[in-house]
Amino acid sequence: MAGNTRLGEAKSAKNDEFYTRFCDIEAEMNAYYEYNNDVFRDKTILLPCDDPEWSEFTRYFAVNFERFGLKKLISTSYARGAGNKHLTPLELASPLFSEDKHLTHGKLFTLTHDSNGSGNINIDDIEFSEYLEGDGDFRSAEITKLRDEADIIITNPPFSLFREFLAWVVEANKQFIIMGNKNAITYKGVFPLLKNNEMWVGYTSLNGGRWMILPKDIEVQSSKAKSDSDGNMILNIAGVCWFTNIEHGKRHEFLKLDTMEHNLVFNKKLKKRLLDDFGINEYPRYENYDALEVPLVEAIPSDYDGILGVPRTFLDVYNPDQFEIVGRDGDLDWAENECDFYTPPSSEKQKEYKRQNKTWRVQNSYVLKDGKPETIYARLFIRPKKRTNAH
């Protein structure tokens, strides 16, 4: 989430975590459940960053334990001394409570059955199972063992550890639904998963930000922070999205397209963008990639079969039955060694373009405007798989 001022404000307080709201978890998980009612049935779910005291993930899955038909819910948390400043009532009331260990050891909580005889399984049946040997870091051997036991891993991992956390999940070949930042789309360890349809974005849109709960023990100097109905301080964090390898219905909806001619005549937003950015009223072509620039996802043409450069928000509407993701700009190694539609300018031209535009990079997509290189914001390269009828 680099470049986001409000995130920077929170990080200035040395905070690395923002907690996900119940309503956002509910909206996302319902999409998977509605697409496949058995998606969670008889599954063990691991929440590896989620103490029941503050984790809405734990609360949500406990409340929906019977509805989803879960087999087991496992929640773990960091030791207080490792960053978790909360003392869980479940831990405090347990005969296992240790004045020493709660500061230095991670904790394990489980939910499997109606432990209090109420007749149903819910959050009141969560049990504090034990202190972990270590501090609860997901990379430890004991959390890794829990990972291997689980069927699905769901959480909002620390932002700074997203790449490492995702690799840890993928290594075990597990299903997952995790939060991250849309900037992760361009990471070398992330983009190949998206390109190869081994991972995709979740149901909730990439556009806009997410209102997230701030830890109670930090102060954020921001006029944008506010209190929610439960008394939590929340802050809108830009770019937060879901990543998953579990199917949801939105992923298979076909995007309705119009012809290039129709878009150029009737799409006023497209016409303005083309005139303002390029001074033309047509789709421009890149100088270094044999591809068509499409500045708006809604302006993807129905009558073009070649390579298209589109904004990253395309992933919101990406249907693998309709399009193929072939690559992305900005990756020089891929462009030079794998891309068959990349043609860099001569070394003389490169020097001249760099002189004219200090931010110019040979691997980024660009067009010429009045003879000068105009760098385009990060693009994904896609190819239509099949034609779709215009409106």
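The rules behind the values
- Residues numbered from 1 in each chain as written.
- Predicted model: local features only at pLDDT ≥ 70, side-chain atom pairs only at ≥ 80, totals over all residues.
- Heavy atoms only, no water.
- Pairing = 2+ DSSP bridges.
- Helix = DSSP H or I, 4+ residues; strand = E, 2+ residues; numbered from the N terminus.
- pLDDT = per-residue confidence, 0-100.
- Contact = heavy atoms within 4.5 Å.
- Buried < 20%, exposed > 50% of the residue type's maximum accessible area, 1.4 Å probe, protein only.
- Arc of directions from axis to C-beta.
- Polar contact = N/O pair within 3.5 Å; in protein donor to acceptor, adjacent residues only side chain to side chain.

*Asks:* Honestly, the pairing of strand E16 (residues 372–375) in this entry has me stumped. Any pointers?
*Replies:* Consecutive side chains along a regular strand alternate between the two faces of the sheet. Taken together, the 4 bridges between strand E15 (residues 366–369) and E16 define a ladder with antiparallel strand orientation. Looking at E16, one finds that leucine 368 is bridged to proline 373. In sequence, E15 turns back onto E16 through a hairpin of 2 residues, with aspartate 370 there showing a positive phi of about 55 degrees.

*Asks:* So what exactly am I meant to see when it comes to the confidence of the model for the protein here?
*Replies:* Parts of the model with low pLDDT should not have their predicted coordinates read in detail. Mean pLDDT over the protein works out to 88, with 87% of the residues at or above the 70 mark. Under a pLDDT of 50 for its full length, residues 1–15 has, in the predicted model, 27 contacts with residues more than four places off or in other chains.

*Asks:* Looking at this model, I keep getting lost on the sheet that holds strand E14 (residues 323–328). Mind explaining?
*Replies:* In sheet architecture, strand pairing relies on hydrogen bonds along the backbone and comes in two forms, parallel and antiparallel. Spatially, 4 strands are ordered E12-E13-E17-E14 in an open sheet, and the strand pairing comes out mixed. If you trace the sheet from one side to the other, it starts and ends with strand E12 (292–293) and E14, each paired once. In this structure, strand E13 (residues 308–310) lies alongside strand E17 (residues 380–384), joined through 3 bridges in antiparallel fashion. Along E17, the bridge assignment pairs valine 310 with leucine 380.

*Asks:* Got a minute to help me understand helix H11 (residues 268–278) in this structure?
*Replies:* Note: α-helices contain 3.6 residues per turn, so residues at a spacing of three or four share the same orientation. Among all positions in H11, only Leu270, Leu274 and Phe278 are buried. Seen end-on, H11 carries its buried residues on one side only, within an arc spanning 35 degrees. Residues of H11 that are exposed and point over 90 degrees away from its buried face: Lys268 and Lys272. Where H11 is buried, its residues meet helix H10 (260–266), E12 and E15. The N-capping residue of H11, defined by a side-chain oxygen 3.2 Å from the backbone nitrogen of lysine 269, is asparagine 267. In the stretch just after H11, glycine 279 is the one whose phi turns positive, near 70 degrees.

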